[in-house]
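# A look at the structure
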Amino acid sequence: MKRLVSTLLASLLIFTMMPASAEIRMSTISQIPEYNPYDVIVREDTLYSLNDYGINLYDTETGALINSIKSDYTLDSMTVNSDQTWVASSDYYRVRTYNQYLDLHKTIESFEYNGETYELDRFKQVKFLPNSSILVIASDNRLIFYDVETDQVKFIRGIDTSGTLQVSEEYMTIGYTDSIQVLNHQGQAVTEIMASTPIQSYSMNQKGQLVYNSTDHDLYYFETPLSEAQFITESVSGNIYLDETGAFVGSEQTKLYDLYTKKRIYMNVKEGTIGFNEDSSRLFSIGQSITVYNAQNLKKRIQTIAIEVDETEMIEGNELSPAIVVKSKDGSRTKVTDKVVWRSNNSQVAYFSQNKLILKSPGKFTLKATYEDHETSVELTVKKDPRPSDNEWLKQQKQSLEKRRAFLNSPHRLYSEFSKVRGVAGQFFFNDEKLISGKYQDNWLYETYKGKKKVDGMMLLLDYEKREITEAEIKKVFGKPKDTYNFSYYDSIPTKLIRGKSAIDESLISDAALYLINKKHGLIIFYDLEGNVIYMHLGESTKLW
């Protein structure tokens, strides 16, 4: 015995919003024709791109090239100070500094400090300390603190410079394979972050928040370089980037993670490495080109998902179409059905088939949903159906039809006063022709012929009874029909049932069968293409057509 739950009667979530995907839709601001640059720095609306030939400057609003710095050699690194008054680059055995107009200020190949001359080696990095003109040069196991404004070396610290140099408002870090050395702005050691597995890459923002991913692709977060590590997620490979607000981590393969939820954010952006501008109002996908996106919609990123149910106890035999509700960072709620992965932990009680949850038998089960790395679950109970079986229900219908000239529980019967029917207008169309016109009250459509005052017929839609009755079940109770008609010649006949101003059912009819009730009235059974009952009609006529 199977029963269907119509969309009007489903006990799982029926939400007012239209089903949708919660994927973040990002609008494009501009395209910058840079192919996989070595490094990208954004200051306000200006993007600095490091490539084989030098440094290019672009307007992120338009994608237009503003200026460029050419080099005789491939550049190793570049840096821009906080207010864009100074730019520096390193190539071959030298460091070059530029003013805010990108005019060459100085070329440094060696420097004097405390009466000694120091040569720059081939491999070096440069970083400006935040909000200053102090350039930190990591070269030949030395940190050289050089003031580009006064062209003076402030001091030198000896340290292994083979790692990756990063700076924040309070700290400097040098990241190696197995650790990250934390220094103050005088180059003195503060602490060391030890990694249990080798470090693949790391990123520190101006606030001093820090993230690193291991060669096992696990991502870790530090609120400051002095705090304890927090495990965020796994499967984060390649270079990573921590935005300045401390809300997001971008990585290669267009992956973006929310540090609050520790989940991935799914977006419609082009393939590349994800980065941000200083206030995270712009998102960059850096790959075959640099695409600049408006990041406003990131406020719609998922915070939680939930399966909402009207009741935690449901009746066996029902089929349900579950959905989740996604709550976003901005507080909005969206019903989502697409791309949700559903599971039941007890297939003997409930299981999924063709995206329908089948409530098989009494018992308890956990309904689980996974959507975009977020998971949720709810404990549900399936109870035994207290209603009579299909067979018992059909017997009760037959008895009511014979004794009352009405369907079971119908408030009106044949020959009742039609004026007492209280309800909205109802119509039944058969093959686009109006076959019945009358009133709907409760679950029954009552009809009367023109000019008459009595109820001449009534129709029941089986969906209202939440039952799926087969032809075999009908014959078992009502016997052999007096007459049948098969519409296979026409393939099928379309029908439409209207209640008030809305069509509550549209079906294709394959067969119809006539049964006599007390030899005086006709009961017509309409079957769909699968051989299940759609409508039952009781009327005065004892002929099928």
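Residues numbered from 1 in each chain as written. Predicted model: local features only at pLDDT ≥ 70, side-chain atom pairs only at ≥ 80, totals over all residues. Heavy atoms only, no water.

### Considerations on unusual backbone geometry
Backbone geometry at Asn141 places phi at a positive 60 degrees, although glycine is not the residue there. Inspection of the secondary structure puts Asn141 in the loop between strand 13 (134-139) and strand 14 (142-147). For Asn141, a relative accessible area of 44% translates into the label partly exposed. The backbone of Asp151 shows a phi angle near 55 degrees, a positive value even though the residue is not glycine. Of note, Asp151 is situated in the loop between strand 14 and strand 15 (152-158). Assessed through its relative accessible area of 32%, Asp151 is described here as partly exposed. (Helix = DSSP H or I, 4+ residues; strand = E, 2+ residues; numbered from the N terminus. Buried < 20%, exposed > 50% of the residue type's maximum accessible area, 1.4 Å probe, protein only.)

### Structural notes on the sheet that holds strand 9 (residues 104-108)
Here four strands make up an open sheet; going across it, the order is 6-7-8-9 and the pairing antiparallel. Both edges of this open sheet fall to strand 6 (75-80) and strand 9, since each of them pairs with a single strand only. Direction aside, neighbouring strands of the sheet carry axes that sit 15 degrees apart on average. (Pairing = 2+ DSSP bridges. Axes fitted to C-alpha atoms, helices over the stretch in contact; angles between N-to-C directions.)

### Focus: a nonpolar patch on the surface
On the surface, a cluster of nonpolar side chains totalling about 630 Å² of accessible area is made up of Leu435, Tyr485, Tyr489, Tyr490 and Trp545. Its location among the elements puts Tyr489 in the loop between strand 45 (483-486) and strand 46 (493-499). (Patch = residues over 30% accessible without salt bridge, like charges linked within 9 Å, V, L, I, M, F, W, Y side chains within 5 Å. Areas by Shrake-Rupley, 256 points an atom, 1.4 Å probe, with all protein chains shown as cover. Salt bridge = Lys/Arg side-chain N within 4 Å of Asp/Glu carboxyl O.)

### Side note on a negative patch on the surface
Where like charges cluster on the molecular surface, the negative patch consists of Glu44, Asp45, Glu278 and Asp279. Within the fold, Asp279 resides in the loop between strand 28 (273-276) and strand 29 (282-286). Asp279 gets classed as exposed once you look at its relative accessible area, which sits at 52%. (Lys, Arg positive; Asp, Glu negative; His and termini not counted. Charge placed at Lys NZ, Arg CZ, Asp CG, Glu CD.)

### Considering the pattern of salt bridges
Counted by the stated rule, this structure contains 13 salt bridges. For the salt bridge of Arg94 with Asp72, the shortest nitrogen-to-oxygen distance reads 3.6 Å. One end of the pair, Arg94, is in strand 8 (residues 94-99); the other, Asp72, is in the loop between strand 5 (65-70) and strand 6, and 22 residues separate them in sequence. Assessed through its relative accessible area of 10%, Arg94 is described here as buried.

### What to know about the packing of helix 1 (residues 390-404) against helix 2 (residues 471-478)
If you want to describe how two helices pack, look at the angle between their axes and the distance between the axes. At a minimum axis separation of 9 Å, helix 1 and helix 2 run at an interaxial angle of 50 degrees. Relative to helix 2, the element helix 1 is oriented oblique. Seen along the crossing, helix 1 lies across helix 2 with a hand that is right-handed. Of the residues in helix 2, those touching helix 1 at Asp390, Asn391, Leu394, Lys395, Lys398 and Leu401 are Glu473, Ile474, Lys476, Val477 and Phe478. (Parallel < 35°, antiparallel > 145°, perpendicular 65-115°, else oblique. Left-handed = near helix turned anticlockwise from the far one by under 90°. Contact = heavy atoms within 4.5 Å.)

### Description of the environment of Thr197
By secondary structure assignment, the location of Thr197 is in the loop between strand 19 (189-194) and strand 20 (199-204). Assessed through its relative accessible area of 21%, Thr197 is described here as partly exposed. Measuring from C-alpha to C-alpha, the distance between Thr197 and Tyr146 comes to 35 Å, with 51 residues separating the pair along the chain. Other than its neighbours up to four places away in sequence, Thr197 contacts Ser214 and Asp216.

### Here's the deal with the environment of Asn443
Within the secondary structure, Asn443 is located in the loop between strand 42 (433-441) and strand 43 (444-447). A sequence separation of 34 residues divides Asn443 from Asn409, and the C-alpha atoms of the two residues are 9.7 Å apart. Ignoring anything within four residues of it in the chain, the contact list for Asn443 reads Met459, Leu460, Leu461, Tyr464 and Glu465.

### With respect to the side chain of Asn81
Tracing the chain through its elements places Asn81 in the loop between strand 6 and strand 7 (86-91). Among the residues examined, Asn81 registers a relative accessible area of 3% and is labelled buried. Within the structure, Asn81 has its side chain in polar contact with the side chain of Thr85 (distance 2.9 Å). Ignoring anything within four residues of it in the chain, the contact list for Asn81 reads Arg43, Trp86, Phe128 and Ser132. (Polar contact = N/O pair within 3.5 Å; in protein donor to acceptor, adjacent residues only side chain to side chain.)

### Quick word on the pairing of strand 13
Summarising burial for strand 13: six of the six residues are buried, a large majority. Covered by surrounding structure in strand 13 are Ile134, Val136 and Ala138 together with Leu135, Ile137 and Ser139, the residues of both alternating faces. In textbook terms, the turn of a hairpin is the stretch between consecutive antiparallel strands, and for strand 12 (residues 124-128) and strand 13 this stretch comprises five residues, one of which, Asn131, has a positive phi near 55 degrees. Across six bridges, strand 13 lies against strand 14 in antiparallel orientation. Its bridge partner lying in strand 14, Ser139 is registered against Arg142.

### Thoughts on helix 1
Between its first and last C-alpha, helix 1 extends 20 Å over 15 residues, near the 21 Å set by a 1.5 Å rise per residue. Residues of helix 1 that are buried sit in contact with strand 44 (457-461), helix 2, strand 47 (502-517), strand 48 (521-528) and strand 49 (533-539). A positive backbone phi angle near 55 degrees is found at Arg405, which sits one or two residues after helix 1. (Expected span 1.5 Å × (residues − 1).)

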